[in-house]
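A look at the structure
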Amino acid sequence: MNFTIDWLSFYLIEQPEEEDGIKKVRMTRNLSHDEYQRSELRDFLDGEFARIAKRKVEMNPKTEGTPTKLGQFVLEPGHPLDSNPNYALLNRLLTAETAGESKEPCQELIQSYLRTSQVRGGVMIVVRTRLELLDERYVFILKCDFEQKTAVITDEKSLISNVQMAINAKNMKSLMYPYMIESGMNDPYHVKIHQFSHAKYFEEFLRFIDYPQTVTQIVSEEVISLARQHIEYNYPEETEERQREEEAIELIAASPKRELAEKWEHETVMEAMHIITDRQPEVELKFKLDHMQIRTMLADYGTSLHIAKVNGRYLILLEGEQLQFERGVSPVEFVKPKALADIVKEIEARSHTVQQPVMATAQGDDEDRPPWE
């Protein structure tokens, strides 16, 4: 996958030492195709465009921290795609044939970026490319932050020289438009953005692009919706008990950590699980039993994973044909597994055992006295 660069605009963004200092563009350089071919940027960016294009992305990421996401242009009902300001700006960059034609939309883009909160100094690069053979056009927006405390070896006299403004492509943020589904197939309604950082400022500077919900968010909303339907079915009348159940669901929806609610029968849980996994087959199931972490797939519940209760204590049963261990040999690897019925009996026996405190008596030998006497 080779890209031909039609033009490139390079911006050096200055970060003032003061926290509330206004960031500004210190240097601008516009390169044509031929100028880019002769520039030092060619070695720096060599292969980056293909890597960005090939980077895999999901319509709904698994977690909020997923670095590569698809952004969708926000559209009001009944309005065309070009009514979105961010689409209009990116499309102007896409159709600019020369570096001169790109100056005005590039300036708008940079100013929009500088107005974003938490923007850091560094280098911003805007590029219009064409995919060779297919002649498909793409816009890449790249941002490299300055590295701190960078040093390079120079010569035998000075040995080490500090570099005040150094960048590399390792943690480079990127935006690609349009989204390339595969070679020759583009999606003009989406952009692909990559930002491996907790700060969201590179996502936020184009304010009319939304990023889809994560799989976790979708599943959570689906579960809460099913829970409300379950309440409506079991409590058709507006009673105090129904109100308490609805308040409990709202509390569960807002709580970051929850304990087992013990409200639904197994069959109801299985029905809800199938509804969710039919839409999202790869949904994970993660929870803790005391200090122990369990991580599996939601689809495993009821077949390979079971939850039981014996005398007030929870049992997590994991069912499978092969049990493997990784590095770090432990004696557990040599065990002959007990029968499940025997383990249940042991748990029942432990929970029924009540330890009686040892009482000191007025009479008797020293041997009968507790050790602290």
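Residues numbered from 1 in each chain as written. Predicted model: local features only at pLDDT ≥ 70, side-chain atom pairs only at ≥ 80, totals over all residues. Heavy atoms only, no water.

**Comments concerning the overall build of the chain**
For the chain, the helix and strand inventory stands at ten helices and 16 strands. When contacts within the chain are restricted to residue pairs at least 6 apart in sequence, long-range pairs at least 24 apart make up 59% of them. Summed over its atoms, the accessible surface of the chain is roughly 25500 Å², and 50% of this surface lies on carbon and sulfur atoms. (Helix = DSSP H or I, 4+ residues; strand = E, 2+ residues; numbered from the N terminus. Contact = heavy atoms within 4.5 Å. Areas by Shrake-Rupley, 256 points an atom, 1.4 Å probe, with all protein chains shown as cover.)

**Details of the sheet that holds strand β4 (residues 122–131)**
Read from one edge of the open sheet, eight strands run β2-β1-β4-β5-β8-β11-β3-β12, paired in antiparallel fashion. Where the open sheet ends on each side, the last strands, each with one partner, are β2 (24–32) and β12 (209–210). Here strand β5 (residues 136–145) runs beside strand β8 (residues 173–177); their pairing, made up of five bridges, is antiparallel. Within β8, the residue paired with Val139 across the bridge is Tyr177. (Pairing = 2+ DSSP bridges.)

**Some details on the side chain of Asp6**
Along the chain, the position of Asp6 falls in strand β1 (residues 3–14). There is a polar contact of 2.7 Å between the side chain of Asp6 and the side chain of Arg128. Each residue touching Asp6, except ones within four places of it in the same chain, is listed here: Ser32, His33, Arg128, Thr129 and Arg130. (Polar contact = N/O pair within 3.5 Å; in protein donor to acceptor, adjacent residues only side chain to side chain.)

**Observations regarding the nonpolar core**
If you look at the biggest cluster of nonpolar residues, it comprises 31 residues, and the most contacted ones within it are Met124 and Phe202. The biggest single contributor to this core is helix α5 (residues 99–114), with six residues. Not counting the four nearest positions on each side in its chain, Phe202 is found in contact with Tyr113, Met124, Ile141, Lys143, Lys173, Ser174, Leu175, Ile193, His194 and Gln195. Of all hydrophobic cores here, the second largest spans 24 residues; its members include Leu8, Leu41, Cys144 and Met176. (Core = buried A, V, L, I, M, F, W, Y, C linked by side-chain atoms within 4.5 Å. Buried < 20%, exposed > 50% of the residue type's maximum accessible area, 1.4 Å probe, protein only.)

**Concerning the packing of helix α7 (residues 215–234) against helix α8 (residues 240–254)**
Between α7 and α8, the shortest axis-to-axis distance is 10 Å and the interhelical angle comes to 175 degrees. With respect to α8, the axis of α7 lies roughly antiparallel. Contacts between α7 and α8 pair Ile224, Ala227, Arg228, Ile231 and Glu232 from the former with Arg242, Glu245, Glu246, Ile249, Glu250 and Ala253 from the latter. Taken together, the residues of the contact of α7 with α8 sort by class into five nonpolar, no polar and six charged. (Axes fitted to C-alpha atoms, helices over the stretch in contact; angles between N-to-C directions. Parallel < 35°, antiparallel > 145°, perpendicular 65-115°, else oblique. Nonpolar A, V, L, I, M, F, W, Y, C, P; charged D, E, K, R; others polar.)

**Brief notes about the confidence of the model for the chain**
Mean pLDDT over the chain: 85, with 87% of residues reaching 70 or higher. This model gives residues 354–373 a pLDDT under 50, and the stretch forms five contacts once residues within four places in sequence are excluded. (pLDDT = per-residue confidence, 0-100.)

**Observations concerning the pattern of salt bridges**
Overall, the coordinates contain 21 salt bridges when judged by the stated rule. Asp145 is the partner of Arg120 in a salt bridge, and the nearest nitrogen-oxygen pair spans 3.5 Å. Of this pair, Arg120 sits in the loop between α5 and β4 while Asp145 is found in strand β5, placing the two residues 25 residues apart along the sequence. The exposure class of Asp145 is buried, given its relative accessible area of 15%. Asp135 is paired through a salt bridge with Arg130; the nearest N and O atoms lie 3.3 Å apart. By relative accessible area, which is 46% here, Asp135 ends up partly exposed. (Salt bridge = Lys/Arg side-chain N within 4 Å of Asp/Glu carboxyl O.)

**Points about α8**
The terminal C-alpha atoms of α8 lie 21 Å apart, and with 15 residues this matches the ideal 21 Å at 1.5 Å per residue to within 8%. Summarising the contacts, the buried residues of α8 are in contact with α7. (Expected span 1.5 Å × (residues − 1).)

**Some thoughts on the packing of aromatic side chains**
This model, assessed by the stated rule, comprises ten aromatic pairs. Ring plane angle 80 degrees and centroid distance 5.5 Å describe the contact between Phe73 and Tyr87, whose orientation is recorded as edge-to-face. One end of the pair, Phe73, is in strand β3 (residues 68–73); the other, Tyr87, is in helix α4 (residues 85–95), and 14 residues separate them in sequence. One aromatic cluster is present, built from ring pairs that chain together Phe3, Phe49, Tyr138 and Phe140. (Phe/Tyr/Trp six-rings, centres within 6.5 Å; stacked < 30°, edge-to-face > 60°.)

**Details of the packing of α4 against α5**
For the pair α4 and α5, interaxial distance at closest approach is 9 Å and the crossing angle is 150 degrees. The pairing of α4 with α5 is recorded here as roughly antiparallel in orientation. In this structure, the crossing between α4 and α5 has a hand that is left-handed. Across the interface between the two elements, Leu89, Arg92, Leu93 and Thr95 of α4 pack against Glu101, Ser102, Glu104, Pro105, Cys106, Glu108 and Leu109 of α5. Classifying every residue of the contact of α4 with α5 by side-chain character gives five nonpolar, two polar and four charged. (Left-handed = near helix turned anticlockwise from the far one by under 90°.)

**With respect to the environment of Glu222**
Within the fold, Glu222 resides in helix α7. For the pair Glu222 and Ala272, spaced 50 residues apart in the sequence, the C-alpha separation amounts to 8.9 Å.

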